[in-house]
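Report on the structure
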Amino acid sequence: MANILQDKNPLTYISLFSCAGVGCYGFKMEGFSCIASVELNQRRLNVQKFNQKCKYSSGYICGDMTADSTKNLVFTEIDRWKRKEKLKKLDVLIATPPCQGISVQNHKKKDEINRNSLVVESVEMVDKIRPKVFVFENVMAFEKTLCITKDERIMPIGEFIREALGENYVISSRILNFMNYGSNSSRTRTLVIGVDKAYRETITPYDLFPAYQKEKTLREVVGDFPVLEWGEISKDDFYHAFRTYDVRMRDWIHDLKEGESAFDNADPLKRPHKLVDGEVVENIRKNRDKYTRQKWDRFIQCVHTRNDQLAAQNTVHPEQDRVFSIRELMTMMNIPETFNWVDKPLEVLNAMSDAEKRKVYKEHETNIRQCLGEAVPTIIMQQIAHNIKTLFGRKLVGSAEINKIIENQNLVERQNLLDFLDANPLGLDVPTLMRITELCNAEREKNAAFYTNKFLVNDTVDKLPDFTQPEIRIIEPSGGAGSFVPFLIKKYAYVPHVILDIVDIDPNSIANLKLLLKYIDIPENFTINLICSDFLYYDSPYRYDLAVGNPPFSKLKQKARDISFWFFQNVNQDTNDLAEMFLEKCMFMADCVALILNKNILSGEEFFPTHNLLRKVKIDSIIDFGRHGFTGVSIETICLIVYPKQKPDETTVYNMKYNKIYHQKQSYITDKKYPYFIIYRDADFDRVADKLDFNVFTVFRDRQITKQNSTKEDGDSRMWVIKGRNIDDDAKGITHIPEYDTFIDINVAKELNSYIYVNDSNVYLTPNMTYNTRVIKNIPNVIADGSVAVLIPRQKGMALTDSQMAYFSSDEYRKFYITARNLSTQSINVDKCSVYFYGILKNDSKSIGAVPECS
């Protein structure tokens, strides 16, 4: 991999729907330069100007993001930076589109799908600009809320983001209460972060999310602020002042203790009310937090837009008869004192007369307070900016350099590796050390231990459940180099206590991991136990909330089938596949299981008993990684996430290669009607299936013809070996291919198993390992090698018509067959399971009589 992280250009960002720029001020604090900032409201955009956010004045763009003219202004600024600042690629695009249609605080909302579709504009800008990173922030329900796409489809925002950008970005989302991630006040929001796939082996979205921190109390944050008299503007801090209100309302809150509401006053005249024709009419208590004194020693509630009113939520000071001051609110939102709300610095504002100050307040206070209620806490974006700056600023160590380090340091020698991991003399990051560890693992082939790519772990952890209990137990049954550990720490930082048991059969791997853990910041809430054991022998006294990992991709030797009593209670007694055994044991001991498995578990005959087990439990998700799972290993992998104690419902299937999300009824894709799971089954598949009779062939494939017993030279004593490429794409004939064709001595051929089909006019030939399906009649005087499957009719005397053979080459059938093979790209041999789908048209009466049931 090239050193794509070494970029000497200044760090840059663009901010869309930027309001007053409170959140992205954190990027400015980390040294990022703003290329363009788009905001519809000029007053709010002016606040950004007061903070000198953009280098060029043209970067402040007041406009509607749905208008092409506004987008073109953004593109113009990018071009300006390319010319003047040598910009190569934008680092970050931030978008915080309006959330009125999806905010739980908006009690007056109606149909806001069109407004929510401003998200679509943000996605379109990411797709056109292609920054290294994009960050979307919005309310908790953001991803599940509907939007209207450009082609008039209505779909959940989260799915649209992944559909539109997933081809080029690794994308993760997290719902976080910002008070546990550095913010001084509660604010539960969704963060969606995407990282360009060019960096996916070294940087993932989980690396960029803010770090968990314990929440602060109101007393810790603003307890030392000076007391304010009625109507006072602090002489030392212009922004420490509050908006006064009708003095008669003061009695409503004056006698309240912390946590009490004015609605709870015994005296009706001290309860919120209005006078109508001289009579007291009490206000309706629509929200329990209105007119309520806040508590000093609890976390700070969310700051809302109407923070100037007693009648708004969580606005009343714990002791004083007032709402919170602007400075107090700024502190709650982690906005530094250097942030300017008006065109004058703080020292100038403090020097003004009271009359001048009140004039400034009259002009700006409402705007300031509303911006505070809509802002992203500065510290949240600052942490993301810091993580981006740190990770993208480092030198990438690619595969070639890793190999050179291993060679130069002679790390294949066990003691040298231990010394290297202990000292880390080159100051390498944890993922690089993990990669080196796996490459130097002398037992990796024996134990089928392969390095799990970071982006694969990222996508797996992104789908894991959240927990509400105070303690959870997690087991990683095949720890290896600990690829999952940093991700699990970040994912479950909020859980008061996490017990992580990491099991590995190899004592060297355990020793390596112990050293690697030194470089991982393990929080106090995590207890990590390293257990050297064969997982299949490991008898844990605990039940786990989660089992997650990448079990070995190998077969158990037949003589070791008496592995433990675990095997004898397995549903699947037919397989010696280790990963399947890990799966069953994990399902026995954990409430949620998320394992990376060979994709053939979906269709292999040896896994049919496993299918029966899985049909009875909830298959929550299947992530189809294709061939992206392991570095240097060409295996198709999936992540299977199941809940063994829950009943089947809906299964989400994600295909990484085609970047498509499918929501499938579990019973539909695991239908016993077919021999194995069809995870991409759809209406088109069913339509074609209804036309066909299945299970009409058995199959034979040669495994004996090799380069050693064949030759490229023809002769009278030799027989032509027909291969897949010799069968024409339209199935109308065969073609000799010079320098490709091979031949075999007839006497040698007669000793092969496949010879029984030579000159058998009742069988048919089809290329193996292809989606360009085609079927031809057997060719006289030829023998098929392993690239051609021999189709043998189950019904004696069955003959295919020309129209039926032509149908196998049709676009309709080929599309159907791709779905039948689960969009696989590697394991698509025509075997005794998949040959089931070589179906015969029901209306082609010459092709077939009765069809036997699928076994």
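Relevant structure appears above.
Residues numbered from 1 in each chain as written. Predicted model: local features only at pLDDT ≥ 70, side-chain atom pairs only at ≥ 80, totals over all residues. Heavy atoms only, no water.

Things to note about the overall build of the chain
Counted only if it meets this: For helices the rule is a DSSP run of H or I covering at least 4 residues; for strands it is a run of E covering at least 2, with both sets numbered from the N terminus onward. In what follows, residue pairs with any heavy atoms lying within 4.5 Å of each other are defined as contacts. Calculation of accessible area relied on Shrake-Rupley with a 1.4 Å probe; when residues are assessed, cover is drawn exclusively from the protein chains displayed. We treat Lys and Arg as the positive residues and Asp and Glu as the negative residues; His and chain ends play no part in the count. Where a charge sits is defined by one atom per residue type, namely NZ (Lys), CZ (Arg), CG (Asp) or CD (Glu).
Regarding its fold elements, the chain presents 27 helices and 29 strands. Contacts spanning at least 24 positions in sequence make up 72% of the contacts within the chain whose residues lie at least 6 apart. Counting every atom, the chain has about 37,100 Å² of accessible surface; 49% of that belongs to carbon and sulfur. Averaging the coordinates of the 113 positive side-chain charges in the chain and doing the same for the 115 negative ones gives two points 2 Å apart.

Some details on the side chain of Thr 460
Selection criterion: Think of it in three bands: with a 1.4 Å probe and only protein chains considered, a residue is buried below 20% of the maximum accessible area for its type, exposed above 50%, and partly exposed in between. Throughout this description, a polar contact denotes any pair of N or O atoms lying within 3.5 Å of each other; where both atoms belong to protein, one of them has to be capable of donating a hydrogen while the other can accept it, and for residues adjacent in sequence the pair is counted only when both atoms sit in side chains.
Among the secondary structure elements, Thr 460 is positioned in helix 17 (residues 454-462). What makes Thr 460 buried here is its relative accessible area of 0%. Within the local environment of Thr 460, its side chain forms a polar contact with the backbone oxygen of Leu 456, the two atoms lying 2.9 Å apart. Setting aside anything within four residues of it in sequence, one finds Thr 460 in contact with Phe 484, Val 548, Ala 594, Ile 596, Ile 623, Phe 625, Cys 639 and Ile 641.

A few points about the packing of helix 14 (residues 399-408) against helix 16 (residues 430-439)
Just so we agree on the cut-off: A fitted line through C-alpha atoms represents every axis, and for helices the fit uses only the stretch in contact; the resulting angles, taken between N-to-C directions, go from 0 to 180 degrees. Oblique is the label for any angle not under 35 degrees, not over 145, and not in the 65 to 115 range, which are roughly parallel, roughly antiparallel and roughly perpendicular in turn. In this scheme, a crossing is called left-handed if the near helix is turned counterclockwise away from the far one by less than a right angle; it is called right-handed if the turn is clockwise.
Two elements in contact, helix 14 and helix 16, have axes whose closest approach is 11 Å; the angle formed by their N-to-C orientations is 60°. In this view, helix 14 runs oblique relative to helix 16, as classed from their interaxial angle. The two elements helix 14 and helix 16 cross, and the hand of that crossing is right-handed. Packed against helix 14, whose contacting residues are Ile 402, Asn 403, Ile 405 and Ile 406, the element helix 16 presents Thr 432, Arg 435, Ile 436 and Leu 439 at the interface.

Let's talk about helix 14
This is how the line gets drawn: The arc under discussion is defined with respect to the helix axis, by the directions toward the C-beta atoms.
Turning to helix 14, its buried residues are Ile 402, Ile 405 and Ile 406. One side of helix 14 holds all its buried residues, which, seen down the axis, span an arc of 100°. Opposite the buried face of helix 14, at more than 90 degrees from it, the exposed residues are Ala 400, Lys 404, Glu 407 and Asn 408. Looking at the buried positions of helix 14, the neighbouring elements they touch are helix 15 (414-423) and helix 16. Where helix 14 ends, the next residue or the one after it, Asn 410, has phi of about 50°, a positive value.

What about the packing of helix 3 (residues 68-84) against helix 5 (residues 118-129)?
Two numbers describe a pair of packed helices, the interaxial angle and the distance between the axes. To be explicit about the condition: Residues are grouped as follows: Ala, Val, Leu, Ile, Met, Phe, Trp, Tyr, Cys and Pro are nonpolar; Asp, Glu, Lys and Arg are charged; every other residue, Gly included, is polar.
Remark: helix 3 packs on helix 5, axes separated minimally by 12 Å, with the N-to-C direction vectors making an angle of 30°. On the basis of their axis angle, the class for helix 3 and helix 5 is roughly parallel. Helix 5 is crossed by helix 3, and the crossing has right-handed handedness. For the pair helix 3 and helix 5, contact is made by Lys 71, Val 74, Phe 75 and Ile 78 and by Glu 121, Glu 124, Met 125, Lys 128 and Ile 129, respectively. When the residues that make up the contact of helix 3 with helix 5 are grouped by side-chain class, the tally is 5 nonpolar, no polar and 4 charged.

Topic: the sheet that holds strand 25 (residues 764-767)
This is how it is decided: Criterion used throughout: strands pair if DSSP finds at least two bridges between them.
As summarised here, the arrangement of the 4 strands in space is 22-28-25-26, forming an open sheet in which the pairing is antiparallel. Bordering the open sheet on either side are strand 22 (697-701) and strand 26 (776-777), each of which pairs with just one other strand. With 4 bridges connecting them, strand 25 and strand 28 (residues 788-793) associate as antiparallel partners. Directly across from Thr 766, in strand 28, lies its bridge partner Ala 789.

Some points on the packing of aromatic side chains
Defined as follows: Between rings of Phe, Tyr and Trp, where Trp is taken as its six-membered ring, a pair exists when centres lie within 6.5 Å; planes separated by under 30 degrees are stacked, by over 60 edge-to-face, and by other angles tilted. Whether a charge lies above a ring is judged from NZ of Lys or CZ of Arg, which has to be within 6 Å of the ring centre and within 35 degrees of the ring normal.
Applying the stated criterion across every chain, the model contains 43 aromatic pairs. Taking 5.3 Å as the distance between ring centres and 35° as the angle between the ring planes, the aromatic pair formed by Tyr 13 and Phe 27 counts as tilted. Residue Tyr 13 is found in strand 1 (residues 12-16), and its partner Phe 27 is found in helix 1 (residues 25-29); the two are separated by 14 residues along the sequence. Summarising the aromatic geometry, the rings of Phe 263 and Tyr 291 are spaced 5.7 Å apart at their centres and angled 80° between planes, so their arrangement reads as edge-to-face. You can see Phe 263 sitting in the loop between helix 9 (250-254) and strand 10 (273-276) and its partner Tyr 291 sitting in the loop between strand 11 (279-282) and helix 10 (326-332), a full 28 residues away along the chain. Since its relative accessible area comes to 13%, Phe 263 is described here as buried. Above the face of the Phe 209 ring, Arg 174 is positioned so that its terminal group lies 5.5 Å from the ring centre.

Some remarks on the sheet that holds strand 16 (residues 593-598)
As summarised here, the arrangement of the 9 strands in space is 14-13-12-15-16-18-17-19-20, forming an open sheet in which the pairing is mixed. Sheet topology places strand 14 (526-532) and strand 20 (660-665) at the edges, where each strand pairs with a single neighbour. Looking at each pair of strands side by side, their axes are set apart by 20° on average, direction ignored.

Topic: the nonpolar core
Selection rule: Here, nonpolar core means buried Ala, Val, Leu, Ile, Met, Phe, Trp, Tyr and Cys residues that are tied together by side-chain atoms lying within 4.5 Å of each other.
If you look at the biggest cluster of nonpolar residues, it comprises 86 residues, and the most contacted ones within it are Phe 27, Ile 436 and Tyr 492. It is helix 13 (residues 378-393) that contributes the most residues to this core, 7 residues altogether. Filtering out sequence-adjacent residues up to four positions away, Phe 27 remains in contact with Tyr 13, Phe 32, Val 92, Ile 94, Met 381, Ile 384, Ala 385 and Ile 388. Among the nonpolar cores identified, the runner-up in size contains 39 residues, and Leu 595, Ile 601, Leu 602 and Leu 640 belong to it.

Comments concerning unusual backbone geometry
Phi is positive for Gln 52, which is not a glycine, with a value near 50°. By secondary structure assignment, the location of Gln 52 is in the loop between helix 2 (42-50) and strand 3 (60-62). Classification of Gln 52 by relative accessible area gives exposed; the value is 62%. Even without being glycine, Ala 731 reaches a positive phi, approximately 60°. By secondary structure assignment, the location of Ala 731 is in the loop between strand 23 (718-722) and strand 24 (742-745).

Quick word on helix 5
Heads up, the condition is: Take the number of residues in a helix, subtract one, and multiply by 1.5 Å to get its expected span.
The end-to-end C-alpha separation of helix 5 is 17 Å, in line with the 16 Å expected for 12 residues at 1.5 Å each. When you tally the buried positions in helix 5, you get 10 out of 12 residues, the bulk of the element. Taken residue by residue, helix 5 has Leu 118, Val 119, Val 120, Glu 121, Ser 122, Val 123, Glu 124, Met 125, Val 126 and Ile 129 as its buried positions. Note on helix 5: the residue one or two positions beyond its end, Arg 130, has a positive phi of about 55°.

Quick look at the environment of Gln 382
As for its position among the elements, Gln 382 is in helix 13. Residues Gln 382 and Phe 27, 355 residues apart in the sequence, show an inter-C-alpha distance of 5.5 Å. Those residues in contact with Gln 382 that lie beyond four places of it in its chain are Gly 26, Met 29 and Glu 30.

With respect to the side chain of Glu 438
Turning to its location among the elements, Glu 438 is positioned in helix 16. Residue class for Glu 438 comes out buried when judged on its relative accessible area of 5%. Looking at Glu 438, its side chain comes within polar contact range of the main-chain nitrogen of Ala 481, at 3.1 Å.

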